[in-house]
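# Residue-level structural notes
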Amino acid sequence: MRLTIPEREIMTPGHLACQGCGGSLAMRYALKVFGEDTMLSIPACCWAVIDGPFPYTAVNVPVFHTAFETAAIMASGIKAGLMVQGKETTNVVAWAGDGGTFDIGIQAISGAAERNDDITYIVYDNEAYMNTGIQRSSATPHGAWTTTTPVKHYKKGPKKNMAEIMAAHRVPYIATASVGYPEDFCKKLEKAKNTKGFKFIHVLAPCPTGWKSDPRYTIKLAKLAVQTNNFPLYEIFDGITYKQSIKVKERKPLKEYMKYQGRFKHLPEDELQFLQGCVDENYELLTVRFE
Amino acid sequence: MKKTMMGNFAASWGAQLARVQVIAAYPITPQTLIVEKLSEIVADGELDAKFIKVESEHSAMAACIGASATGARAYTATSAQGLALMHEMLHWAGLARLPIVMANVNRAMAPGWSIWADQNDSLSQRDTGWMQIFASSAQDILDSTLLGYKVSEKVLLPTLISFDAFFLSHTMEVVDMPEIELVDKFLPPYNPDYKLDVKDPRSFGALTDEQYYYEFRYMMQQSMDEAVGVIKEAGKEYEKLTGRLYDLVHSYRCEDADMILVTSGTIGETANVAVDELRAEGKKVGNMRIRVIRPYPKKDIIETIKDAKKLAVIDRNISPGYSGIFSQELKSALYNEVDVPIRSYIAGLGGRDVKIEDIKELAYDALKNDTPNDLIWKGVKR
């Protein structure tokens, strides 16, 4: 097999991520593909810290740290500023966590998507507000423990379907990705890089701290999320054409994914079965759309 | 070239003459005409700029910040609730040291819904690190836009240009539009030392602990202090080119005045007429219109009022629980410097008209009363 992930490293060691951080891996791959001619807009999120304190930085591309709800529009502003100065080739990437995307940032994302601003929006999804100490977000899955959905009152209700929301905007390119499938992730990044207009990539990035998992299981969990059909990998073109990028041959039970995570360990059997049912149903609803 | 225009269009054409490169805006009455005109100008190719039609004022300011961080000249305009929604990003622009210029049409804050003149919107943003100008004519709006960039780009702080809703935004006046060649001479292209540049990658606004943050604030204050002189220099340079002088404080017949009115915005213009009439009655009255409130022109104010026996401040704003904001600031500036009674008046909130007679009545009241610290609501219905 020929490896397609670029060898170059733009992200440096010495960043401030926790052990086994899926979000730092996601950035490493993203920069490998996007290259030096890239600028990042980073709002409040783990990466606001991971990048390093002033005057340090771990990414070797220009970064503008911005307010929580403005990753998308800040990227749009940066892009407009570059365009008017004739710097049209630079990739402008908004890089935010799930809270900054699914919750507080959604208005600016929707605006940038509707205008089809020529930026790439990447959400590294660790399924809670991890930077502020594991509070639930609207990306937190049903059943999960967080500090604001404690064991006795664990998160009720499904995770917000961000890819569908983005698809409704009819933007040119949307993809889901996982740090457990770097080849697939990099291909999608490459497509985003080569597509004009608004691109949205939703990458699942396990968080050992918040998921109460062993740091060595980050890749295992990122793979299991896909292999259980809990986080299917696919692309949406123009909001209409759906393509599955990783087809799981033998679906693993959701329990297999959950058993490595402390945040689900309180769940009774009937809840696990309910969740398995939700995964199957969601997957079925999605697969009818695949070409 | 002389042209009759509304205050709002003076802002639009000011931005065009400044050759702004990125505009991001959201409509709000009574600001809308400013950005409508600019969107036309950009669409017609009369200005080489990108216009981002954003989904909120918060995003408008964020887009301007992003564009400015790349080294582009960025512009927006807003009013009242829109400015309040931007509040977080106003701090961001200030602390990121980005020379954005914004017009704000001074409008009362809701509820009740009001679209009329009142300064509480912009004065609520006083501590965000923006320089703040209160324009008093359409000419002032246009000229201040050019002066705003000139000063902002020198001291690396943003500028807010405020002017009264309808009394100025929608009133036609003759405005002298400077020739573009002249403006180009005055305002060269913006090219900051530090900007987002892939050839020189840097991180802007990173996590900053107490080892550095304190100094950022200190440097900001130094720049505000420096701005006082820079505004004066820019004003003098502009005067050479256009014949129009702008300073932090405009003094009208204050030199020999016993009592000086302290005003801002359009009330400042009306007060000049009131002063003429009061002078005709033999009353030695002057008018000090404060044009720039940040940086605070303390020295200029002391210089202007030092020989007066009494001051009367007219505030079209109120800090609830205390008093008018210009009045507070004046008292604080004069403490330990000049011992003079100050009378404080509130007038014109929510667009209530402040006529020449009203100002004269306030002046009569101030002339006959020596008690300082009174807060008087002009014409309030009880």
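Up top you'll find the structure we're talking about.
The present account deals with the structure reproduced in this document. (Residues numbered from 1 in each chain as written. Chains lettered and ligands numbered in written order. Predicted model: local features only at pLDDT ≥ 70, side-chain atom pairs only at ≥ 80, totals over all residues. Heavy atoms only, no water.)

### Side note on the pairing of strand β5 (residues 101-106) of chain B
Residue and element names in this part refer to chain B. The buried fraction of β5 is high, at six of six residues. Side chains of β5 alternate between two faces, with Val-101, Ala-103 and Val-105 and Met-102, Asn-104 and Asn-106 buried alike. Direction of pairing for strand β4 (residues 74-79) relative to β5: parallel, over a ladder of five bridges. Residue pairing in the sheet places Thr-78 in a bridge with Asn-104 of β5. With helix α4 (residues 80-95) bridging β4 and its parallel neighbour β5, the resulting β-α-β unit is right-handed. Bridge analysis of β5 against strand β7 (residues 159-164) gives six bridges, and the strand direction is parallel. Bridge pairing links Ala-103 to Ile-161 in β7. (Buried < 20%, exposed > 50% of the residue type's maximum accessible area, 1.4 Å probe, protein only. Helix = DSSP H or I, 4+ residues; strand = E, 2+ residues; numbered from the N terminus. Pairing = 2+ DSSP bridges. Right-handed = clockwise from strand over helix to strand, strands pointing away.)

### A few points about the sheet that holds strand β12 (residues 285-290) of chain B
Residues and elements named next belong to chain B. Taken in spatial order, the six strands line up as β10-β12-β11-β14-β15-β16 in an open sheet, and their pairing is mixed. A strand with exactly one partner marks an edge of an open sheet, and here the two such strands are β10 (249-252) and β16 (375-377). The average angle at which neighbouring strand axes cross in this sheet is 20 degrees, direction not considered. Note: β10 against β12, four bridges, orientation antiparallel. Within the sheet, the bridge partner assigned to Val-249 lies in β12 and is Ile-290. Seen against the sheet, helix α9 (residues 265-280) touches β10, β11 (259-263), β12 and β14 (310-315) and runs at an angle of roughly 170 degrees to β12. Along the sheet, helix α12 (residues 356-368) contacts β11, β12, β14, β15 (342-346) and β16; its crossing angle with β14, the most-contacted strand, is approximately 145 degrees. (Axes fitted to C-alpha atoms, helices over the stretch in contact; angles between N-to-C directions. Contact = heavy atoms within 4.5 Å.)

### Some details on the packing of helix α6 (residues 138-155) of chain B against helix α8 (residues 213-242) of chain B
To describe two helices that pack against each other, one gives the angle between their axes and the distance between the axes. All names here are of chain B. Two elements in contact, α6 and α8, have axes separated by 9 Å at closest approach and are oriented at 135 degrees. One element, α6, and the other, α8, form an angle in the oblique class. Viewed along their axes, α6 and α8 form a crossing whose handedness is right-handed. The segment α6 lies against α8, with Leu-142, Asp-143, Leu-146, Leu-147, Lys-150, Val-151, Lys-154 and Val-155 engaging Ser-223, Glu-226, Ala-227, Val-230, Ile-231, Glu-233, Ala-234, Gly-235, Glu-237 and Tyr-238. Across the contact of α6 with α8, the residue classes break down as 10 nonpolar, two polar and six charged. (Parallel < 35°, antiparallel > 145°, perpendicular 65-115°, else oblique. Left-handed = near helix turned anticlockwise from the far one by under 90°. Nonpolar A, V, L, I, M, F, W, Y, C, P; charged D, E, K, R; others polar.)

### Re helix α3 (residues 71-83) of chain A
Residue and element names in this part refer to chain A. Along its 13 residues, α3 runs 18 Å from first to last C-alpha, staying within 8% of the 18 Å computed at 1.5 Å per residue. For α3, the buried fraction is high: 12 of the 13 residues fall into the buried class. Considered for burial, the residues of α3 that qualify are Ala-71, Ala-72, Ile-73, Met-74, Ala-75, Ser-76, Gly-77, Ile-78, Lys-79, Ala-80, Gly-81 and Leu-82. (Expected span 1.5 Å × (residues − 1).)

### Quick word on a nonpolar patch on the surface
All names here are of chain B. Among the surface-exposed residues, Leu-375, Trp-377 and Val-380 lie close enough to one another that they form a single nonpolar patch of about 230 Å² accessible area. Considering the arrangement of structural elements, one finds Trp-377 in strand β16. Using a relative accessible area of 37% as the deciding quantity, one classes Trp-377 as partly exposed. (Patch = residues over 30% accessible without salt bridge, like charges linked within 9 Å, V, L, I, M, F, W, Y side chains within 5 Å. Areas by Shrake-Rupley, 256 points an atom, 1.4 Å probe, with all protein chains shown as cover. Salt bridge = Lys/Arg side-chain N within 4 Å of Asp/Glu carboxyl O.)

### Observations concerning the packing of helix α1 (residues 22-34) of chain A against helix α7 (residues 182-193) of chain A
Residues and elements named next belong to chain A. Close contact between α1 and α7 brings their axes to 9 Å; oriented N to C, the two are set at 45 degrees. Taken together, the axes of α1 and α7 lie oblique to each other. Regarding α1 and α7, the two cross each other, and that crossing is right-handed. Across from Ala-26, Tyr-29, Ala-30, Val-33 and Phe-34 in α1, the residues of α7 making contact are Pro-182, Phe-185, Cys-186, Leu-189, Glu-190, Ala-192 and Lys-193. Of the residues in the contact of α1 with α7, the class split is 10 nonpolar, no polar and two charged.

### Things to note about the nonpolar core
A general feature of soluble globular proteins is that nonpolar side chains tend to end up buried together. In this structure, Phe-64, Tyr-121, Phe-198 and Phe-200 of chain A together with Met-61, Ile-65 and Ile-100 of chain B are the most contacted members of the largest nonpolar core, which totals 63 residues. If we skip the residues at most four places from it in the chain, Met-61 of chain B touches Thr-76, Met-86, Met-89, Leu-90, Ala-93, Ile-100, Met-102 and Trp-130 of chain B. Membership of the second largest hydrophobic core comes to 62 residues, among which are Val-63, Ala-225, Tyr-260 and Val-279 of chain A. (Core = buried A, V, L, I, M, F, W, Y, C linked by side-chain atoms within 4.5 Å.)

### What about the interface of chain A and chain B?
Accessible area lost upon the coming together of the parts serves often as the stated size of an interface. Each side of the interface is counted separately: chain A has 40 residues, and chain B has 40 residues. Considering only the side of chain A, the residues that lose the most area to chain B are Phe-54, Phe-64 and Val-84 of chain A, jointly responsible for 22% of the buried surface there. Joining chain A to chain B, the criterion identifies one salt bridge. With a shortest N-O distance of 3.0 Å, Arg-115 of chain A and Glu-55 of chain B are connected by a salt bridge. Where the side of chain A that touches chain B is concerned, the elements lending two or more residues are β1 (38-42), α2 (46-50), β2 (63-65), α3 and α5 (106-115) of chain A. Broken down by element, the residue count for the side of chain A that touches chain B peaks at nine residues, all from α3 of chain A. Where β2 of chain A meets strand β9 (residues 203-204) of chain B, two bridges bridge the pair, whose relative direction is parallel. Considered in β9 of chain B, the bridge of Val-63 of chain A is made with Ser-203 of chain B. (Buried area = accessible area lost by both parts, 1.4 Å probe.)

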